[in-house]
Number of protein chains: 2
Amino acid sequence: MQLVLLSGGSGKRLWPLSNNARSKQFLPLLEKEDGTMESMVQRVVRQARLANLTEDITLATNASQQDIIVNQLGDSVNLVTEPERRDTFPAIALAASYLKLAKQCADDEVVVIMPCDPYTEVGYFETIGKMVECVKADVADLVLMGIAPTYASEKYGYVIPMHENTSTGSAQADNENYKMVSRFTEKPSVEVAETFLKQGAYWNGGVFAFRLGYMMNIVRKYMSSDRFEDTRARYSEFPKISFDYEVAEKAESVAVVPFNGEWKDLGTWNTLTDELHKPVIGNAVMGAHCENTHVINELQNPIFVDGLKDVVVAACPDGILVCSKEHSEEIKKSVENLTPRPMYEERRWGTYRVLDDSYYADGRHSLTKSITLKEGKNISYQIHHHRSETWTFVQGEGIFVLDGREQKVKAGDTVVIPVEHWHAIKALTELTFIEVQSGNPLIEEDIERTEWTWSE
Amino acid sequence: MQLVLLSGGSGKRLWPLSNNARSKQFLPLLEKEDGTMESMVQRVVRQARLANLTEDITLATNASQQDIIVNQLGDSVNLVTEPERRDTFPAIALAASYLKLAKQCADDEVVVIMPCDPYTEVGYFETIGKMVECVKADVADLVLMGIAPTYASEKYGYVIPMHENTSTGSAQADNENYKMVSRFTEKPSVEVAETFLKQGAYWNGGVFAFRLGYMMNIVRKYMSSDRFEDTRARYSEFPKISFDYEVAEKAESVAVVPFNGEWKDLGTWNTLTDELHKPVIGNAVMGAHCENTHVINELQNPIFVDGLKDVVVAACPDGILVCSKEHSEEIKKSVENLTPRPMYEERRWGTYRVLDDSYYADGRHSLTKSITLKEGKNISYQIHHHRSETWTFVQGEGIFVLDGREQKVKAGDTVVIPVEHWHAIKALTELTFIEVQSGNPLIEEDIERTEWTWSE
């Protein structure tokens, strides 16, 4: 069985912690039993592993999220990156092509697609196990998870089951585990949703199971290539359409396996803070007169809060949010243009934080970053056309290359990289340096990259 | 007439903006008519000048405030710095000694002592003018300002006038302008304060007028020296006692000149925000659902607030405060130890901000600052025994000295200053550099200073 996690989105509903480089599923805000923190995607992958569903987990994501996934999950998962954002059908088609063409999976391999960030529990993964059994028993072309609705919501898709199961599926799948699906409806009005609830409808949780061959037959309507890299190169030929429309609604037979355990989208500060075990994360102190208030501080500057009720405070290099939880659902538009660029990013080699981004009266611009490379990691051999950089090493040891000459560097050393000079750095131990950029423009895009062959 | 402003305090009641290096009177939070901002001390000096009281204004302060006063007031005021904090009598005795011994003022010169940070209006300075007239008319040895009480407060000293003026003062001072004082009382209970109010008592606003010779006679009880520098060097010989106890309560005749205009101590966020013209100062956006909320942001990180009522948000390199105005009166103890060192300081040559202060797993410590020198200013020729520094210039031009060799530097240049090397920098234009310190310990006190003779 192959588990594919869809990692999408770049929203700012969890601003300032989420930005274009760090979607909500990567925020390290959930506490594990041992007290350490993990992100939503780390939690889901950990839960999937604990459920013993499969060793084969693939993340299907946009190329812009590749670095942060590698940083958070290492090489424990396969990665399929879409070259551009399209919709869920192209993303799943690309993942299926990867499993078929790159991983050489058989046509009868069962594939389960799920979102990478539901806040849920062990029963969710047990339900996925039941879905796999249904596919193996051929109860339907497509099997999906039906979330037991808790209210008549307008914001979910609904799955309406038939009254009687008419499937001819074998005895392998317990009939009580699934129902055949009559139809789907996207985001109904509250009134319509109420009638659905009376008919025993479920929310569509975006979890689908099918045999790989079934999906590949649909993929081949748009793309006939024998090599995954060809499929990926021609990704723009896939139509911009959702999996629900292109596959689920057209399927001849669809079954739904119900799940009625804990299932939440921690997509706003209001819902997310409900699941935080501690009122304070990071360098912050809460006074005695706070009620239902949460503080998350990723800055060095200490935070003191007091006398607040139902408020969330979130601070990081991108900005500082202080908002009533009630109004925290609506911040997205207000904060859209507050931060000109991500001020914190996780990359495959480590992380950087912008410490200072200043424009001066004389028209000059400077950008100061703290950059940390994990042991053994390196940044690519690169050149900038519009900026010089000064690196002062403050932790660890590494190998620095400038114009083809390697030299060892360690905390206390400073190197200067003039405009138009090739350079790279590799961390022998965890390595931190302060980078001061000067030039114009100072943008991440001013970079050309190649690879350096390290002597050690 | 000589006006002496007492500048004391180092409290944290306006944390994070106030710290040990920046007392509340130096916070640039008050808006002038032209829209620019000024601090409380800048406002008081400007008001005193507008009132045409005198050209001779002296700030009596602690040595630790010397740099920030020079930065905010330039050389437009005289400065008397006490070498250590004692109490108000020694501070005023030192200022009087300065006027007598250094400025050579005559014994009959009228001296007015006042705090440097009342939030008040033109009538306050007109009242000071009346006090001067009273001293000139010899109505009493000591004349003080009586603030018309607005309620029976426990936190002020009270001045209780006699029923009839018994002074033999000449006609120069209009009798209606002053009352003779019967007695003083410090911070009474509310019940006692209420009886005072019925007796027509005033709050003691800490504004005193006297002839210089009168004060010098008291000073000479403790200190007989003919040179101001000797007096200053022997400052610790003055008793730690308040001016009220040592002078006011012992005076043979004291008069009070009433003032009943606007007079406030903007000493807490609650009182200070009442006087802010705008709800937002700095890089912040307020959503539509805020009420009686103020945001002051001295950080680069943008702040977004919404859904708050009666809250103050204040952010700067030292920390971030989010507090109901009600509880903002009590923050002092809670924040006492939140910030290990000032993260922002104004010095006589300009300002610095700490951008990063990190301790690493390998035991190393690094400190990164953005430092800006005003045009023409320089820092002293100095040496550090425990740290190296890398300076990357990002704005302007200057002259850098290392071990006796001057060189011109400009934005884009980097210089490295190893441990135990003498260095200085002078700004030819406004000059900014990013300083990365590495070493152990990284403390401001690791410095030896001398002066460099600049070639230009």
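Procedures and definitions
- Along each chain, numbering runs from 1 in the same order as the chain's sequence is written.
- In the order they appear in the text, chains get letters beginning with A and ligands get numbers beginning with 1.
- Residue-level local features of this predicted model are given only where pLDDT is at least 70; pairs of side-chain atoms are given and counted only at 80 or more, and the full residue set underlies all totals for whole chains, interfaces and linings.
- In computing side-chain properties, one takes all heavy atoms of the structure into account and sets aside hydrogens as well as water.
- Comment: elements are numbered from the N terminus, with helices defined as DSSP H or I runs of at least four residues and strands as E runs of at least two.
- Note on method: radius of gyration uses C-alpha positions; expected globular size equals 2.2 Å times residues raised to 0.38.
- Think of it in three bands: with a 1.4 Å probe and only protein chains considered, a residue is buried below 20% of the maximum accessible area for its type, exposed above 50%, and partly exposed in between.
- We call two residues in contact when some of their heavy atoms are within 4.5 Å.
- In this description, accessible areas are obtained by the Shrake-Rupley approach with a 1.4 Å probe, and a residue is regarded as covered only by the protein chains that are shown.
- Positive charge is attributed to Lys and Arg, negative charge to Asp and Glu, and no charge count is given to His or to the chain ends.
- Working definition for charges: the position is that of NZ of Lys, CZ of Arg, CG of Asp or CD of Glu.
- Only Phe, Tyr and Trp rings are paired, with Trp represented by its six-membered ring, and only when their centres lie within 6.5 Å; those with planes under 30 degrees apart are stacked, over 60 edge-to-face, the remainder tilted.
- Fitting of the copies onto one another was done by least squares over C-alpha atoms, counting residues only where both copies have pLDDT of at least 70.
- Buried area is calculated as the accessible area (1.4 Å probe) missing from two parts once they are joined, with the contributions of both summed.
- A pair is scored as a salt bridge if a Lys or Arg side-chain nitrogen falls within 4 Å of a carboxyl oxygen belonging to Asp or Glu.
- Two strands make a pair as long as DSSP finds a minimum of two bridges between them.
- Axis geometry follows a simple rule: fit a line to the C-alpha atoms, using only the stretch in contact for helices, then measure angles between N-to-C directions, giving values from 0 to 180 degrees.
- Throughout, the term roughly parallel applies to angles under 35 degrees, roughly antiparallel to angles over 145, roughly perpendicular to angles from 65 to 115, and oblique to all others.
- Should the near helix be turned anticlockwise from the far one by less than a right angle, the crossing is termed left-handed; should it be turned clockwise, right-handed.
- Throughout, the ten residues Ala, Val, Leu, Ile, Met, Phe, Trp, Tyr, Cys and Pro are labelled nonpolar, Asp, Glu, Lys and Arg are labelled charged, and all others, Gly among them, are labelled polar.
- Buriedness for pockets is judged along seven lines, at least five of which must meet protein on both sides within 12 Å for an open set on the 1 Å grid over protein atoms alone, while cavities are sets there where a 1.4 Å probe fits but cannot get out, and lining residues have an atom within 4 Å of a point.
- Grid points are joined across faces, edges and corners, and a volume is the space filled by probe spheres set on the points.
- A helix is expected to reach a length of 1.5 Å times the quantity of its residues less one.
- A residue's pLDDT is simply how confident the predictor is in it, with values from 0 to 100.

Colleague: I would appreciate a short explanation of the overall build of chain A in the present structure.
Modeller: On a plain count of helices and strands, chain A comes out with 10 helices and 30 strands. A globule of 456 residues ought to have a C-alpha radius of gyration of about 23 Å, and chain A, at 25 Å, matches this closely. Taken across its 456 residues, chain A has 56% of its residues classed as buried. Nonlocal contacts in chain A, meaning residues at least 24 apart in sequence, comprise 67% of its contacts between residues at least 6 apart. Surface accessibility of chain A: about 18600 Å² in total, with carbon and sulfur atoms responsible for 46%. Positive and negative charge centroids in chain A, built from 47 and 68 side chains respectively, lie 2 Å apart.

Colleague: Help me understand the packing of aromatic side chains in this model?
Modeller: Between two aromatic rings, the relevant description is the distance of the centres plus the angle of the planes. Residues and elements named next belong to chain A. Here the structure, examined in full by the defined rule, presents 38 aromatic pairs over all chains. Ring plane angle 75° and centroid distance 5.5 Å describe the contact between Tyr98 and Phe228, whose orientation is recorded as edge-to-face. Of this pair, Tyr98 sits in helix H3 (residues 88-102) while Phe228 is found in helix H7 (residues 228-233), placing the two residues 130 residues apart along the sequence. This pair shows no difference in class: Tyr98 is buried, exactly as Phe228 is.

Colleague: Is there a simple way to explain the relation of the copies chain A and chain B in this structure?
Modeller: Related by rotation about an axis and a shift along that axis, the two copies of the chain form a pair. Structural alignment of chain A on chain B gives an RMSD of 0.1 Å, achieved by rotating through 180° and translating 0.0 Å along the axis. Seen this way, the second copy is the image of the first under a two-fold rotation axis. No C-alpha of chain A lies nearer the rotation axis than that of Leu355 of chain A, which sits 2.8 Å from it. Here 100% of the contact residues of chain A are again contact residues in chain B; the copies associate through an equivalent surface.

Colleague: Can you help me understand the interface of chain A and chain B in this one?
Modeller: The parts lose accessible area when they come together, and the size of an interface is often stated as this lost area. Counting from both sides, the interface comprises 57 residues of chain A and, opposite them, 57 residues of chain B. Between chain A and chain B lies a buried interface of about 4300 Å² when both sides are counted; carbon and sulfur atoms form 61% of it. Per-residue buried area on chain A facing chain B is highest for Phe304, Ile320 and Val322 of chain A; these three make up 16% of the total on that side. Taken together, the links from chain A to chain B amount to 2 salt bridges. Of the charged contacts, one joins Asp356 of chain B and Arg353 of chain A as a salt bridge, the two residues approaching to 2.9 Å between their closest N and O atoms. For the side of chain A that touches chain B, the element with the most residues is strand E19 (residues 319-324) of chain A, which contributes 6 residues.

Colleague: For this particular structure, what's the right way to read the sheet that holds strand E19 (residues 319-324) of chain B?
Modeller: Strand pairing in a sheet takes place through backbone hydrogen bonds and is either antiparallel or parallel in direction. Spatially, the 6 strands line up as an open sheet ordered E15(A)-E17(A)-E19(B)-E18(B)-E16(B)-E14(B), and their pairing is mixed. Single-partner strands in this sheet number two, and they are strand E15 (284-286) of chain A together with strand E14 (280-282) of chain B. With direction set aside, neighbouring strand axes in the sheet form an average angle of 5°. Direction of pairing for strand E18 (residues 311-316) of chain B relative to E19 of chain B: antiparallel, over a ladder of 6 bridges. Each bridged residue has a counterpart across the sheet, and for Ala314 of chain B the counterpart in E19 of chain B is Leu321 of chain B.

Colleague: Just to check I follow, could you spell out the packing of H3 of chain A against helix H6 (residues 212-219) of chain A for this structure?
Modeller: Each packed pair of helices is defined by two parameters, the angle between the axes and the distance between the axes. All names here are of chain A. In the contact formed by H3 and H6, the axes pass within 10 Å of each other and the chain directions differ by 120°. Our classification of the angle between H3 and H6 gives oblique. Between H3 and H6 lies a crossing whose hand is left-handed. Residues Phe89, Ile92, Ala93, Ala96, Ser97, Leu99 and Lys100 of H3 form the contact with H6, whose own contacting residues are Leu212, Met215, Met216, Ile218 and Val219. Of the residues that constitute the contact of H3 with H6, the class distribution is 10 nonpolar, 1 polar and 1 charged.

Colleague: Just checking my understanding: could you explain the sheet that holds strand E16 (residues 294-297) of chain A for this structure?
Modeller: Strand order in this open sheet of 6 strands is E14(A)-E16(A)-E18(A)-E19(A)-E17(B)-E15(B), and the pairing throughout is mixed. If you trace the sheet from one side to the other, it starts and ends with strand E14 (280-282) of chain A together with strand E15 (284-286) of chain B, each paired once. When the angles between neighbouring strand axes are averaged without regard to direction, this sheet yields 5°. Here 4 bridges tie E19 of chain A to strand E17 (residues 303-306) of chain B, and the two strands are oriented parallel to one another. When the bridges of E17 of chain B are listed, Cys323 of chain A appears paired with Asp306 of chain B.

Colleague: Is there a simple way to explain the layout of surface pockets in this structure?
Modeller: Empty space among the atoms can be located by rolling a probe the size of a water molecule over them. Residues and elements named next belong to chain B. Its boundaries defined by the atoms lining it, the second largest pocket holds a volume of some 1500 Å³. Along the wall of the second largest pocket there are 45 residues; nearest its centre are Lys24, Thr88, Pro115, Asp117 and Asp265. Considering every element that reaches the lining of the second largest pocket, the biggest residue donor is strand E11 (residues 202-211), with 4 residues. The residue inventory of the lining of the second largest pocket, partitioned by class, reads 13 nonpolar, 17 polar and 15 charged.

Colleague: For this particular structure, what's the right way to read helix H3 (residues 88-102) of chain B?
Modeller: Note on helix geometry: an α-helix contains 3.6 residues per turn, so any two residues three or four positions apart are oriented the same way. Residues and elements named next belong to chain B. Spanning 15 residues, H3 covers 20 Å between terminal C-alpha atoms, matching the ideal 21 Å at 1.5 Å per step. Counting buried residues in H3 gives 13 out of 15 residues, a clear majority hidden from the surface. One or two steps after H3, the chain reaches Gln104, where phi turns positive at roughly 60°.

Colleague: What should I look at first to understand the pairing of E17 of chain B in this one?
Modeller: Successive residues of a regular strand alternate their side chains across the two faces of the sheet. Residues and elements named next belong to chain B. Burial along E17 is two-sided: the residues Ile303 and Val305 and Phe304 and Asp306 are all buried. Two elements, E15 and E17, share 3 bridges in a ladder whose sense is parallel. Within the sheet, the bridge partner assigned to Met286 lies in E17 and is Val305.

Colleague: Looking at this model, I keep getting lost on the confidence of the model for chain A. Mind explaining?
Modeller: Any region with low pLDDT has predicted coordinates that should not be read closely. Chain-level statistics for chain A give a pLDDT mean of 93 and a share of 97% at 70 or above. This prediction of the complex comes with two scores: 0.90 for pTM and 0.89 for ipTM.

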